[in-house]
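Residue-level structure breakdown
Chain by chain, the residues run as shown.
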Amino acid sequence: MKSFMLRLSTLCCAALVATVVHAGVDELPQHIQDKLYNKDLIDPNQPIGDSAYRDFVAKNPPPWKIGYASSYAGNTWRAGVMDRLQNELIPKWKELGLISEVVITQSNLNDATQIQQIRQLVDQGVDAVIVCCSNPTALNASVEYAYNKGVPVFSGIGYLTSPYSVNSSANFVVGGRMMGDWMAKEIGGKGRVLNVEGIPGASASDSQNLGIESAMKEYPDIKVEGPIAGMWTDQVAQAEVQRWLATNPGQLDGILIQSASELGGLRALLQSGRPMVPITIGSEEGALCYWRHNPDYVSGAIHAWPPGDDFEMIWNIMMRTLQGQGPKIQSILTTPVTMNREEMMAAIPEDCSEQSSGWYHPGIEKWAGKEFLDNFFLRPADPEKYDPKSHPAAK
């Protein structure tokens with residue numbers, strides 16, 4: 001009965017708000033609507049309806065116990081997330097008195113395991129759950145289970161289709177479109193390119209492919225091979241690209257590859273003995289360092305999901321939601337950040353290592369800062385200045 005009343009209360013409040021204003025995307029500034037929620041440049045499966053948490057406040061006062069149900073730990077991107085979480089976010093928010101602990105689980109790409117882990121986190125008394133890069137539909141029942149227990153679920157770096165999740169990421173269709181357009185210009189609008197996707201079935205990977213395919217339709221003189229799966233892991237991408245190169249000896253003019261794999265693709269090219277062709281570089285420091293040492297190699301990079309900044313974005317959205325700021329819509333999107341040659345030369349030191357497994361970060365304020373996130377909340381405020389004594393349950 002308690003869970004039913006919670007759901008009924010949320011739905012009634014959302015309906016009441018809807019009678020006063022245009023809910024959801026229509027409440028966002030027009031320039032954000034045009035750039036990030038354009039129907040022609042958004043994954044049709046991306047949930048952009050009204051958030052179920054518009055009138056939500058955490059049932060317990062802070063400090064809050066947070067669960068992080070990670071789906072994978074086997075690449076450098078995940079290591080970058082853990083570095084930001086453990087070495088910056090946890091100490092900072094403990095010092096602010098707003099969290100007590102973060103319980104971390106890891107499912108190794110097993111949906112059934114992740115479902116079980118989410119339920120266990122809820123049963124252990126967490127106040128919120130963050131999931132990362134997961135199957136868009138497989139977790140929906142466990143998300144609803146958490147919702148019925150008063151525990152919101154936040155999907156970082158990709159979306160869940162459950163109406164009870166809050167999602168955040170770059171608009172990956174826009175990102176894929178940026179990658180495709182950049183490659184077309186880099187090779188003069190014609191040639192043969194290889195498309196290396198991430199993890200097939202993961203929303204972030206599939207959305208980037210939608211953007212790439214959309215861009216390539218405008219360049220009929222470019223033949224796209226693939227996709228082959230790089231699994232967002234350099235070792236896997238290197239092996240897959242090497243295998244493709246060995247069985248496809250014809251001309252190759254470029255490689256469209258999703259970040260967390262570009263260093264592997266670069267290594268495969270270097271070891272193949274073929275001429276170096278443009279590759280889409282993201283935020284991996286090893287690949288950026290190769291560009292630093294060969295400044296004429298390509299003209300730019302596209303930072304689609306710097307791991308620390310991306311995770312801090314969903315973390316900040318979670319803290320705002322627990323505080324009662326009221327997210328307007330289900331998916332809060334940002335724009336990939338570009339880097340030109342001059343910016344790269346200034347940001348990447350000459351003594352960098354091409355073997356580095358680290359990641360470059362534009363910084364959270366450039367990625368999705370406080371002023372930007374204010375646009376997506378009904379009652380925006382600086383989450384770091386929240387007074388735990390002001391929480392309704394603390395009074």
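Everything below is about the structure printed above this text.
A brief report on the enclosed structure follows.

Now for the overall build of the chain. Within the chain, the regular secondary structure consists of 14 helices and 11 strands. For 395 residues, the compact-globule estimate of 2.2 N^0.38 gives 21 Å, and the C-alpha radius of gyration of the chain, at 21 Å, lies within 12% of that figure. A principal-axis box enclosing the C-alpha atoms of the chain has dimensions of 70 × 40 × 40 Å. For the chain, buried positions account for 57% of its 395 residues. Expressed as a percentage of contacts within the chain between residues at least 6 apart in sequence, the contacts between residues at least 24 apart total 78%. For the chain, the exposed area adds up to about 15700 Å²; of that, 52% sits on carbon and sulfur atoms.

The omega angle of the peptide bond from P62 to P63 is 10°, so this bond is cis rather than trans. Its place among the elements puts P63 in the loop between helix 2 (30–36) and strand 1 (64–70). Following G226, the chain continues into P227 via a peptide bond in cis, with omega recorded as 10°. Following the sequence through the fold, P227 ends up in strand 7 (residues 222–229). For I157, which is not glycine, the phi dihedral falls at a positive 65°. Looking at the secondary structure, you find I157 in the loop between strand 4 (153–156) and strand 5 (165–170). Its identity is not glycine, yet A260 carries a phi of approximately 90°, on the positive side. Within the fold, A260 resides in the loop between strand 8 (254–257) and helix 9 (262–272).

Let us look at the layout of surface pockets. The space that makes up the second largest pocket amounts to roughly 180 Å³. Along the walls of the second largest pocket sit 13 residues, with K35, L36, T334, T335 and F372 positioned nearest its centre. Elements that contribute at least two residues to the lining of the second largest pocket include exactly helix 2 and helix 13 (364–368). Across the lining of the second largest pocket, the residue classes break down as six nonpolar, four polar and three charged.

Another aspect to go through is the pattern of salt bridges. A complete count under the given rule lists 15 salt bridges for this structure. Its salt-bridge partner being D40, residue K39 comes within 3.4 Å of it at the nearest N-O pair. Here K39 falls in the exposed class, since its relative accessible area comes to 69%. A relative accessible area of 56% means that D40 is categorised as exposed. As a salt-bridge pair, K92 and E384 come within 2.8 Å of each other at their nearest N and O atoms. Of the two residues, K92 is situated in helix 3 (residues 76–95) and E384 in the segment after helix 14 (370–374); the sequence distance between them amounts to 292 residues. Classification of K92 by relative accessible area gives partly exposed; the value is 28%. A single network of salt bridges, built from pairs that share partners, joins R84, E88, D309 and E312.

With that settled, the discussion passes to the nonpolar core. Core analysis: the largest hydrophobic core is formed by 74 residues, its most contacted members being Y37 and W315. A total of eight residues in this core trace back to one element, the largest contributor, which is helix 11 (residues 307–322). Counting 43 residues, the second-largest nonpolar core is a separate cluster that includes M179, I257, C289 and Y297.

We now examine helix 3. Compared with an ideal rise of 1.5 Å per residue, which puts 20 residues at 28 Å, helix 3 spans 28 Å between its outermost C-alpha atoms and is within 8% of the ideal. By the largest-angle criterion, L85 marks the main kink of helix 3, which is about 35°. The set of residues buried in helix 3 consists of T76, W77, R78, G80, V81, R84, L85, L89, I90 and W93. The inward-facing, buried residues of helix 3 abut strand 1, strand 2 (99–106), strand 3 (128–132), helix 8 (234–247) and helix 11. Of the residues flanking the start of helix 3, the one acting as N-cap is N75, its side-chain oxygen 3.3 Å from the backbone nitrogen of W77. Once helix 3 ends, the next one or two residues include G97, with phi positive near 80°.

Inspection of every chain in the model, using the stated rule, returns 10 aromatic pairs. Taking 5.8 Å as the distance between ring centres and 50° as the angle between the ring planes, the aromatic pair formed by W77 and W305 counts as tilted. Highlighted residues: W77 in helix 3 and W305 in the loop between strand 9 (300–303) and helix 11, separated in sequence by 228 residues. As far as burial versus exposure is concerned, W77 and W305 are alike and both buried. Judged by centre distance (5.2 Å) and plane angle (90°), the ring pair of Y290 and Y297 falls under edge-to-face. The pair formed by Y290 and Y297 is uniform in burial state, with each residue classed as buried. Members of the aromatic cluster, each reached through a chain of ring pairs, are Y53, F56, Y147 and Y164.

Okay, the sheet that holds strand 8 next. One open sheet holds the three strands; their spatial order is 7-6-8, and the pairing between them is parallel. The open sheet has two free edges, formed respectively by strand 7 and strand 8, since each of these has just one partner strand. Strand-to-strand, the axes of this sheet are offset by a mean angle of 25°, without reference to chain direction. Pairing of strand 6 (residues 191–197) with strand 8 involves four bridges; the strand directions are parallel. Bridge pairing in strand 8 links N195 to L256.

Definitions and cut-offs
Residues numbered from 1 in each chain as written. Predicted model: local features only at pLDDT ≥ 70, side-chain atom pairs only at ≥ 80, totals over all residues. Heavy atoms only, no water. Helix = DSSP H or I, 4+ residues; strand = E, 2+ residues; numbered from the N terminus. Rg over C-alpha atoms; globule rule 2.2 N^0.38 Å. Buried < 20%, exposed > 50% of the residue type's maximum accessible area, 1.4 Å probe, protein only. Contact = heavy atoms within 4.5 Å. Areas by Shrake-Rupley, 256 points an atom, 1.4 Å probe, with all protein chains shown as cover. 1 Å grid on protein atoms, 1.4 Å probe; cavity = no way out; pocket = protein on both sides within 12 Å on 5 of 7 lines; lining within 4 Å. Points joined across faces, edges and corners; volume = space filled by probe spheres on them. Nonpolar A, V, L, I, M, F, W, Y, C, P; charged D, E, K, R; others polar. Salt bridge = Lys/Arg side-chain N within 4 Å of Asp/Glu carboxyl O. Core = buried A, V, L, I, M, F, W, Y, C linked by side-chain atoms within 4.5 Å. Expected span 1.5 Å × (residues − 1). Bend = angle between axes of the 7 residues up to and from the residue. Polar contact = N/O pair within 3.5 Å; in protein donor to acceptor, adjacent residues only side chain to side chain. Phe/Tyr/Trp six-rings, centres within 6.5 Å; stacked < 30°, edge-to-face > 60°. Pairing = 2+ DSSP bridges. Axes fitted to C-alpha atoms, helices over the stretch in contact; angles between N-to-C directions.

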